[in-house]
Amino acid sequence: MNTLVTGRRLARELGEWRSGAPAYKALAERIRVLLMDGRLSSGARLPAERELSQALDLSRTTVAAAYSKLREDGFLASVRGSGSTLQLPGRERGEHALHPGLALDFTKATAPAYPGIQAAYAAALEELPANLVHDGFDLVGLPDLREAIAQSYRDRGLPTSAEQIMVTIGAQHALNLVTRSLYSPGERILVEQPTYPHALDTFAQAGARVLAFPVRQDGGWDLSEALLQIRRAAPSMAFLMPDFHNPTGMSMSVHEREYLAAAAAREGTVLVVDETTAFLDIDRGPMPPMASFSASILTLGSLGKIAWGGLRVGWIRGSREILAQLLRNRPAVDLGTPLMEQLVATKLINDMPSMVASRSLDLRRGRDTAVRLMREHLPQWQVKVPDGGLSLWINTETVSSSALALAARAEGLGLVPGPRFGVDGAFERYLRLPFCYTDGQLHDGIEILGRIAAHVGSDPLRMPLQAVI
Ligand SMILES: Cc1ncc(COP(=O)(O)O)c(C=O)c1O
């Protein structure tokens, strides 16, 4: 059964879609952009023409012409009796899956493997035989690894025992497990705006009603808006990234941590704090973990950014009661974290200070190079310099980042447009630029960006159709 996109949802996702071009073309083009960057999925069923024309306050003829254009270009398949289904035509399907046509893929903010990882695998292999006597299904994590993770919290000033840790297959898996266990259909989830796209995907799949409050580069976390939302809508869960927030790279002040932890605890909203990016410090210095301010906070962690994404080891820190609930739910999701990777993770966590120092050096180089190149090639864009994280979050003021991403793709450069990080099509004028690449890659990528930005206006329709391919 293909998911049906309702007229209201499509209207929200479309955001500011109108332009100087004929309305049917503008509409078709924007739907195509949403499909290309993953905000609408291939196989999704579009609303009936009448429904969309009502949601957009447009004539039905215009919507019909837009659908026809999409059909003609191969983006829509219509089957009698089952409506119009989005699809990626052959070439773009291949490109979408693996980006083989992209010489430079800046769609992911993820750093290369920590150089010590090979040695950690070799040392772990030595320990494998002793672990082969167990059945290997491990739903909570190896005792040594849980203890090493607990120690890493104690090192940050937060008393933690191994029983408060569950090892997972990365933070994304942890978030799925937590959402499945704590969230019931019909409840609301509060997120930061902007936020991490795959968290939004997880909440959308759970059928959640997502509310957002702003995180601003010039004012930080909007505490009064967060409080208002928590009081008014009583969300069951709030998802936050207090340290080197993805995509802005910002961190909450101590006051912001304290305030949000207290507000959520008072109103019964469970805070799910994602610390996947927490170790990516360039020149900020230590901050107290958010969980220092409330015992009911659930913290997600991962070695994905600090060590290597391919390791797939993360964890959840929470109360014993919550972990017991997660454990009951876990077999429906998976049957445990791989043992070899846990042995490697144990070695790496015990090597945390070296990993943090090595990552910091490389991120500093990438950040400084990216900022310098941005000032050289795109001096008209204001670039805020983050003190950690993996990316610049750039307000272009005038340029449509959806159009920019399409134009960049035609030049072999993959970019994620701003609205992937927002709820309801927000951030069309923003761009996330990861700086976790070599100086040469940053040079080539930003040079392309500078060149195409001059030709891409605020109107996605100025992008010629063939430019995508
Ligand atoms: C904020 C955030 N959470 C979770 C993840 C996914 O982490 P993992 O690779 O451990 O599943 C990422 C990776 O991009 C991230 O940026």
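Since the model is a prediction, treat every value here as computed from it, not as a measurement. (Residues numbered from 1 in each chain as written. Predicted model: local features only at pLDDT ≥ 70, side-chain atom pairs only at ≥ 80, totals over all residues. Heavy atoms only, no water.)

1. Structural notes on the side chain of serine 161
Cut-off, in case you're wondering: Starting at the N terminus, helices and strands are each numbered in turn, a helix being any DSSP run of H or I of at least four residues and a strand any DSSP run of E of at least two. In the analysis that follows, any N or O atom pair within 3.5 Å is treated as a polar contact, provided that within protein one partner can donate a hydrogen and the other can accept it, and provided that, for residues neighboring in sequence, both atoms belong to side chains. For this analysis, residues touch if any pair of their heavy atoms sits within 4.5 Å.
Tracing the chain through its elements places serine 161 in the loop between helix H7 (143–155) and strand S4 (165–168). Separated by 3.2 Å, the side chains of serine 161 and arginine 320 make a polar contact. Look past the residues within four positions of serine 161 in its chain and what remains in contact with it is Ala150, Arg154 and Arg320.

2. A word on the packing of helix H14 (residues 352–377) against helix H16 (residues 439–453)
Under the convention used in this document: The axes used here are C-alpha line fits, helices contributing only the stretch in contact, and every angle between their N-to-C directions lies in the interval 0 to 180 degrees. If an angle is under 35 degrees, it is roughly parallel; if it is over 145, roughly antiparallel; if it lies from 65 to 115, roughly perpendicular; otherwise it is oblique. A clockwise turn of the near helix away from the far one marks a right-handed crossing, whereas an anticlockwise turn of less than a right angle marks a left-handed crossing. For this scheme, ten residues count as nonpolar: Ala, Val, Leu, Ile, Met, Phe, Trp, Tyr, Cys and Pro. Four count as charged, namely Asp, Glu, Lys and Arg, and the remainder, Gly too, count as polar.
Taken N-terminus to C-terminus, the directions of H14 and H16 make an angle of 25°; their axes are 10 Å apart at the nearest point. Judged on the interaxial angle alone, H16 and H14 are roughly parallel. H16 is crossed by H14, and the crossing has right-handed handedness. Judged by residue contacts, Arg365, Gly366, Thr369, Ala370, Leu373, Met374 and His377 of H14 engage Asp439, Leu442, His443, Ile446, Glu447, Leu449 and Gly450 from H16. Looking at the contact of H14 with H16, its residues break down into six nonpolar, five polar and three charged.

3. Focus: the packing of aromatic side chains
The criterion, for reference: Pairing of aromatic side chains requires ring centres within 6.5 Å, counting the rings of Phe and Tyr and the six-membered ring of Trp. Pairs whose planes differ by under 30 degrees are stacked, by over 60 edge-to-face, and all others tilted. Between buried and exposed lies partly exposed: a residue is buried under 20% and exposed over 50% of the maximum accessible area for its type, with that area taken using a 1.4 Å probe on protein chains only.
Counted by the stated rule, this structure contains six aromatic pairs. A ring pair is formed by tryptophan 393 and phenylalanine 421, whose centres lie 5.5 Å apart and whose planes are at 70°; its orientation type is edge-to-face. Placement of tryptophan 393 in strand S12 (residues 391–395) and of phenylalanine 421 in the loop between strand S13 (413–414) and strand S14 (430–434) is noted, with a sequence separation of 28 residues between them. Exposure class is identical for tryptophan 393 and phenylalanine 421. Each is buried.

4. Topic: the pairing of strand S10 (residues 298–302)
Applicable threshold: A pair of strands is considered paired only if DSSP assigns at least 2 bridges between the two.
With respect to burial, S10 is a largely interior element, five of its five residues being buried. Along S10, one buried face is formed by Leu298, Leu300 and Ser302 and the opposite face, lined by Thr299 and Gly301, is buried too. One ladder, built from four bridges, connects S10 with strand S11 (residues 314–317); its direction is antiparallel. Residue threonine 299 lies in a different strand from S11, and its bridge partner there is arginine 317.

5. Regarding the confidence of the model for the protein
Put simply, the rule is: For every residue, the predictor reports its confidence as pLDDT, a number between 0 and 100.
For the protein, per-residue confidence averages 91 on the pLDDT scale, and 94% of positions sit at 70 or higher. Note that residues 94–99 has pLDDT below 50 and, in this model, 14 contacts with residues that lie over four places away or in other chains. Ignoring residues within four places in sequence, the model shows residues 460–469, a span with pLDDT below 50, making 29 contacts including any to other chains.

6. Comments concerning the domain arrangement of the protein
Using the following cut-off: Where a domain begins and ends is set by an automatic assignment or by a domain database.
Looking at the assigned domains, one finds that the protein contains domain 1 (7–95), domain 2 (100–113 + 354–468) and domain 3 (117–350). Taking the mean C-alpha position of each, domain 1 and domain 2 sit 26 Å from one another.

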